[in-house]
Amino acid sequence: QVQLVESGGGSVQAGGSLRLSCAASGRAISMYTMGWFRQAPGKEREFVAAISRSGGNTNYTDSVKGRFTISRDNVKNTVYLQLNSLKPEDTAVYYCAVVFGGVAGNTYRYWGQGTQVTVSS
């Protein structure tokens, strides 16, 4: 019922930055914990970051801690992922989704179409 559309991806060199956006429609995202995920070529989709309904709690996978920041604007019905100090291993399609079970939850639904992030060395 909630529809998500990711944008903001692109090609950058190592050390660069990007800001990804996840625009929601159909329902207010204020009722959901939201998360960002990524899938690199030949790899399984993996969890990147999550943020609680009010934004008070966040969770990050170890490989992005200190470099990526998840945030949300419930008025704009949008979730963001700021990617700094990008590394080639960050190259992937990045997806937004609803997370069930809080910021440490492991059930994800209502995926967006994804946005490509490519980091060259």
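This one's a predicted model, so the numbers in the text were calculated from it and none came from an experiment. The residue count restarts for each chain, going from 1 along the sequence in the order it is written. Per-residue local features of the predicted model are confined to residues with pLDDT of at least 70, and side-chain atom pairs are confined, for both listing and counting, to 80 or more; whole-chain, interface and lining totals are unaffected and use all residues. As a convention, hydrogens and water are excluded, and side-chain values are obtained from all of the structure's heavy atoms.

*Asks:* Hey, could you run me through the state of the cysteines in this one?
*Replies:* Throughout this description, disulfide means a covalent bond between two cysteine sulfur atoms. Any two cysteine sulfur atoms within 2.5 Å of one another count as a disulfide. As enumerated under the stated definition, the model contains 1 disulfide in all. Between the sulfur of Cys22 and that of Cys96 lies a disulfide, 2.3 Å long from S to S. Every disulfide takes its handedness from the sign of the S-S torsion; for Cys22 and Cys96 that torsion is -85 degrees, giving left-handed. Here Cys96 lies in strand β9 (residues 92–100) and Cys22 lies in strand β3 (residues 18–25), a separation of 74 residues in the sequence. Throughout, exposure labels follow a simple rule: accessible area from a 1.4 Å probe, protein chains only, divided by the maximum for the residue type, with under 20% read as buried, over 50% as exposed, and the rest as partly exposed. With a relative accessible area of 0%, Cys96 lands in the buried category. Only DSSP runs of H or I covering at least 4 residues are called helices, and only runs of E covering at least 2 are called strands; the numbering of each starts at the N terminus.

*Asks:* Got a minute to help me understand the packing of aromatic side chains in this structure?
*Replies:* Centre distance and the angle of the planes are the two values used to describe a pair of aromatic rings. Note on ring pairs: Phe, Tyr and Trp rings are taken, using the six-membered ring of Trp, and paired if centres are within 6.5 Å. Classes follow the plane angle, with under 30 degrees stacked, over 60 edge-to-face and the rest tilted. If you walk through the whole model with that rule in mind, you get 5 aromatic pairs. Note on Tyr95 and Trp111: the rings are 6.3 Å apart at their centroids and 85 degrees apart in plane angle, and the pair reads as edge-to-face. Of the two residues, Tyr95 is situated in strand β9 and Trp111 in the loop between β10 (107–109) and β11 (115–120); the sequence distance between them amounts to 16 residues. Exposure remark for Tyr95: the relative accessible area of 16% places this residue in the buried category. For Trp111, a relative accessible area of 28% corresponds to the partly exposed category. As a reminder, the over-ring test applies to NZ of lysine and CZ of arginine, requiring each to be within 6 Å of the ring centre and within 35 degrees of the ring normal. The ring of Tyr80 is capped by Arg19, whose NZ or CZ atom sits 4.0 Å from the centre of that ring. Over the face of the ring belonging to Trp111 we find Arg45, whose NZ or CZ atom lies 3.7 Å from the ring centre.

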